[in-house]
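# Overview (structure and organization)
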Amino acid sequence: MATVWTMAGQPADLANLKQNQRVIVVLSGRMENNLLRQIGVIDLLPAGLEIEMPLKGDDAKAYSFLSTLTDLSMTDVRDDRFVAALTLGWPADDRWSRKVEHPEFHIAYIARAVTAGRFVMPAATAEDMYAPGVAARTRMGTVTISPAR
């Protein structure tokens, strides 16, 4: 699931963003079981947005509305996408002793609206890097950015 928040913690109105407005994009997912998975997440950006910075661990404390963020083994911020890798679940010999049957992940980054216009918001994808049949994606949408005044 992808959610977009204002910096104050309100749901962002993606039909009425203003140029230079910053938002927090949160990507979340939940496994159907607690098997060990190495997950790759790719979030393609709408053309009018630019990533300012990924949020990690303690960065979430500044934003009380965010859940605890998942530790990532890799992040890559590019002009057109956010890429992350993480490990979720437990090895087969240890998974039955764990109380969490459906582990979750929460990833976030700050983006800025830089170009005025109406843009397609592509779906984010998450998949097991070694079992691509285990995958999920978010909904697509649109983003409208008005010029700054």
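Computed from a prediction, not measured in an experiment: that's the story for all the values here.

About the thresholds
- Residues numbered from 1 in each chain as written.
- Predicted model: local features only at pLDDT ≥ 70, side-chain atom pairs only at ≥ 80, totals over all residues.
- Heavy atoms only, no water.
- Helix = DSSP H or I, 4+ residues; strand = E, 2+ residues; numbered from the N terminus.
- Rg over C-alpha atoms; globule rule 2.2 N^0.38 Å.
- Buried < 20%, exposed > 50% of the residue type's maximum accessible area, 1.4 Å probe, protein only.
- Contact = heavy atoms within 4.5 Å.
- Areas by Shrake-Rupley, 256 points an atom, 1.4 Å probe, with all protein chains shown as cover.
- Salt bridge = Lys/Arg side-chain N within 4 Å of Asp/Glu carboxyl O.

## Focus on the overall build of the chain
If you tally the helices and strands in the chain, you get zero helices and twelve strands. Along the chain, from the amino end to the carboxyl end, the secondary structure elements read β-β-β-β-β-β-β-β-β-β-β-β. Taken over C-alpha atoms, the radius of gyration comes to 16 Å for the chain, in line with the 15 Å a tight globule of 149 residues would show. With respect to the three principal axes, the spread of C-alpha positions in the chain is 60 × 30 × 20 Å. In the chain, which comprises 149 residues, the proportion classed as buried is 40%. By sequence separation, contacts in the chain at least 24 residues apart represent 70% of the contacts at least 6 residues apart. Per element, the accessible surface of the chain, about 8700 Å² overall, is 50% carbon and sulfur.

## Some thoughts on the pattern of salt bridges
Taken as a whole and assessed by the stated rule, the structure comprises six salt bridges. Note that Lys61 and Asp58 form a salt bridge whose closest N and O atoms lie 3.5 Å from each other. Neither residue differs from the other here; Lys61 and Asp58 are each classed as exposed. Across the salt bridge formed by Arg81 and Asp80, the nearest N and O atoms sit 3.0 Å from each other. In this structure Arg81 comes out as partly exposed when scored by relative accessible area, which is 27%. Exposure remark for Asp80: the relative accessible area of 38% places this residue in the partly exposed category.

Purely geometric stuff here, so don't read any function into it on its own.
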